[in-house]
Structure formats: C-alpha cells, structure tokens
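# A closer look at the structure
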Amino acid sequence: MEILRAYKVEIDPNNIQRTLLLQCAGAARWAWNWGLARRIEEYKETGRSSNAIEQHRQLNTLKGGKYPWLYLYSKCIPQESLRDLDKAYQNFFRRVKNGETPGFPKFKSKKSGIGSFRLTGAIRIEDNRIRLPRIGWLRLKERGYVPTEGIHVLSATVSESAGRWLVSIQCKREIEITQATGEPVGVDLGIKTMAVCSDGREFENPKALRKAQAKLRRFQRELSRRKKGGKNREKTRKKVAKVHQRIANIRRDTLHKATSSIMAKTKPDSERPRMIVLEDLNVAGMVKNHCLAQAISDVGFAEFRRQLEYKSVWYGSELMVADRFFPSSRLCRHCGCINSELRLSDREWTCDCGAIHDRDLNAAINLKNLAVRAVRSERAERQNACGEEIRPAVVWRAASSKQESSAESHGRFW
Ligand SMILES: [Zn+2]
C-alpha cells in the first residue's frame, strides 16, 4: 500500500545559508500578503477574485518589471504560498457554508515569527544532507532518519522555530501491511498517568516535562517584569520560546513512543493487537472548560488519537472508539455493575461483588472487552451468513445510563 508521510528533521545551515533561508521565508510571506491584498482588491472591484493559478500567472508577468528580486529565489516559493492561500480561502468558505464563523485569512506579520516556505521539484536526500532547489546542500542534524531509498519526495517545507531550522519532507512510500492478529488492547487515557493499557502497561508523563514547565513559569514571570520594547524583554522572549519548543518536543516524543509501543510495531503479526480501543473523549468540549484545558492540552489526547489512527493503518490494526456514553471506569468488569458513586479522585474502588479495581486498569480492560465482543459478534454474523443460526453478541452500549453518562464524559477528569 502507498502511504503519505512526512519526515521532519533539524537542519544545520551555515551563516550564508541561514541568511538565504530567512530571505526565502520572507519571500513566501510577501507572496502570501501580495496574493491576499490582490484578492481583496479584485473582489471589491469585480465581485470575484483570482485563484492560485491565475495569481501565479499575474505575479510572473510582474516579476520582470515591478518585482525583479523574485528571480533570486525558487519560483516554487511564491507558487506554494499562493496555493496555501487558495486552501485558506477554500477552508474559510467551506466553514461559512457549514454555518461556522471562521476568521478570514490574515496577513502574515514578521512579528509573529519567521515562518516557513515550501519547495517542490528536484529534491535529493543523502544520508546526512538534503539538496533543495536554488539553495543547495544542507546538512541534516540526524543521520539516517530520512530514508534515501524507496520514497518518492513530493515537497520539502523549511521552517524556523525558536532559533532552530527544520525541514519537513513530504513523501509517498510503498509499505507492506500485514494484518495484526494479536489480542486487542484497551487504552485508558488520564492526566496523572498518560495512558494505561489493558495488558497492564503504563505510560507515565516524563519528569523532564514537569521540569521544563517549571522553567517556563519562571521565564514567563521574568518576561512580565521586563520593560516593553526593551532589549532584555527580547532576550527573555527568546528564552520563553525555547522552553515552549522543548515542551512541545518532549510531548511529541513521549506520545510517539507510547503509540508505537502500543502498536508493538517491531513484533510479529500474532503479537500486534488486532484492535486498539480508546474512549471517545470530547476533547474540544473539555478544552473549553478553562480549568481542565491546561491539563488536557498537556497530555495531548487529540494528538494521541491522531497518531493511533494513522499508525493503526501502518501496522495492520484497527482503531475502535468506544461510545461516548460507555462508562468505562465505573463498570465492574466482573459482574457488570455500574458504580455511579465513583469520583475522579477515587483511584481504587471495591464493587459490591467484592472485586477490587484499579480505576485506570479496570477502564482499560473494559475497553478491551468491547473489542473482544465486537470481534465475536462479527464472527457470529459471518457464521450466520453461512446458514448457521447463532445469535450475535451485542456490543455493550449504556442505553440505560445516557443521562448520568453525560456527567461521566464531562466530569471524568475531576
Ligand atoms: Zn462487581
């Protein structure tokens, strides 16, 4: 199967290259702003505006006269910016049609960062370097991460973040997918422990994250004391940006390690889970709750799910998301009772039937059992189709507890 994927690596430009990259990012930002201004003008005059292809043509005719400096950079840079602008327009109008109230595409300011630019065309990758059109060879800081064979490179996006330059290589890659056949795994996401699996594995939030967060708070306090427009304020702002990036890096790294480990990517088919079950957390809704927002964004639930979604395709597994009203943590996995008095602070609870539960592990096992039942009922249906009369096992749904369960989905993390 052919998949699309990206490899992002830090690059190590020398001073001359650094200046060039800055200029390229500037050209990309300029083209976006030029395109946006033109579109607004055109719309005022004629009631419609040009698309990316028309705008690129217009820009090319202006290149010789008004903007000769554009010849200094790859023609891809303005072209890709105009394409992005096109996409921004399309997204805007799609959302308006859907009855949402999105923000209109904005002009890009240097103040909000150096930004990025995208190149297509002849891109070559070797073990520790990449060749970009009109820029030349750039050293990669990680050797051997980006495959040099078996990929078809579509584009490369160069961006800057807190003083570091990165390249993200978009490519097509042919991979062989074999169906995983191992036991399903249920995953309970939490704030204290990032994830608990039904097989007992736990993924903690790294200590480095907490340390970096403490540092961030210190720098932010420092920033608030600095005089506006001063040199020291700029210095502190850079420090804050660096720690922000470090936190993001740690978080991403932890999530990737956890999701890859859950997928058991290096194991044989029979040991990789055929199904992964997650709860359907209403992340967007919870993030609106101000107090919960920090804790939830920290753990990156949405990102966790996104990674599992695409990794499950790569590793021949299936991602199942439990019904939002499934009371995973309050259901006793032995007798099927629901403990409606369970509070978020209860890490352990005893059911009337005598079973003692670890809250998170019980939830993870309940989720896993959903998959087990789903597989069983699927099998039963298949047998049914063959003429045998077997009643399919019903996938558990908490129809009787719809009302209390909305409290479950919103109040779970308290
Ligand atoms: Zn029980």
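For the zinc ion, the protein coordination sphere consists of Cys332 (SG), Cys335 (SG), Cys351 (SG) and Cys353 (SG), at 2.2 to 2.4 Å. The site at the zinc ion holds 4 donor atoms, and with the angles between them running 107 to 112°, its shape is tetrahedral. Here cysteine 335 falls in the partly exposed class, since its relative accessible area comes to 37%.

With that settled, consider the sheet that holds strand E1 (residues 2-12). The 7 strands lie next to each other as E2-E6-E7-E1-E5-E4-E3, forming an open sheet whose pairing is antiparallel. Unpaired on one side and paired on the other, strand E2 (116-119) and strand E3 (124-126) mark the two borders of the sheet. Shown here is a sheet whose adjacent strand axes are inclined to one another by a mean of 30°, direction ignored. Judged from the 4 bridges that link them, strand E4 (residues 129-132) and strand E5 (residues 136-140) form a sheet pairing that is antiparallel. Counted as the bridge partner of arginine 129 is arginine 139 from E5.

One pass over the full model with this rule turns up 10 aromatic pairs. Relative to tryptophan 34, the ring of tryptophan 30 lies with its centre 6.3 Å away and its plane at 20°, an arrangement referred to as stacked. With tryptophan 30 and tryptophan 34 both in helix H1 (residues 15-46), this residue pair falls 4 residues apart, about one helical turn. Here tryptophan 34 falls in the buried class, since its relative accessible area comes to 9%.

Orientation of H1 relative to helix H2 (residues 52-63), taken along the N-to-C sense of each, is 110°, at an axis distance of 11 Å. One way to sum up the angle between H1 and H2 is to call them roughly perpendicular. Facing Trp30, Trp34, Gly35, Arg38, Arg39 and Glu42 of H1, the residues of H2 in contact are Ala52, Gln55, Gln58, Leu59 and Leu62. By residue class, the composition of the contact of H1 with H2 is 5 nonpolar, 3 polar and 3 charged.

Let us look at the sheet that holds strand E11 (residues 275-278). One open sheet accounts for 5 strands, arranged E10-E9-E8-E11-E12; its pairing is mixed. The two strands at the open ends of the sheet, each matched to only one other strand, are strand E10 (202-204) and strand E12 (318-321). Neighbour to neighbour, the strand axes of the sheet diverge by 20° on average, direction disregarded. The sheet contact formed by strand E9 (residues 193-197) and E10 spans 3 bridges and is antiparallel. By the bridge assignment for E10, alanine 195 is matched with phenylalanine 203. Sitting on the sheet, helix H8 (residues 301-314) touches strand E8 (185-189), E9, E11 and E12, and the angle it makes with E12 is about 145°.

What counts and what doesn't
- Residues numbered from 1 in each chain as written.
- Predicted model: local features only at pLDDT ≥ 70, side-chain atom pairs only at ≥ 80, totals over all residues.
- Heavy atoms only, no water.
- Donors = N, O, S within 2.8 Å, 3.2 Å for Na, K, Ca; no water.
- Tetrahedral: all angles 85-135°; square planar, octahedral: opposite > 155°, others 65-115°.
- Buried < 20%, exposed > 50% of the residue type's maximum accessible area, 1.4 Å probe, protein only.
- Pairing = 2+ DSSP bridges.
- Helix = DSSP H or I, 4+ residues; strand = E, 2+ residues; numbered from the N terminus.
- Axes fitted to C-alpha atoms, helices over the stretch in contact; angles between N-to-C directions.
- Phe/Tyr/Trp six-rings, centres within 6.5 Å; stacked < 30°, edge-to-face > 60°.
- Parallel < 35°, antiparallel > 145°, perpendicular 65-115°, else oblique.
- Contact = heavy atoms within 4.5 Å.
- Nonpolar A, V, L, I, M, F, W, Y, C, P; charged D, E, K, R; others polar.

Keep in mind these values describe shape, not function.
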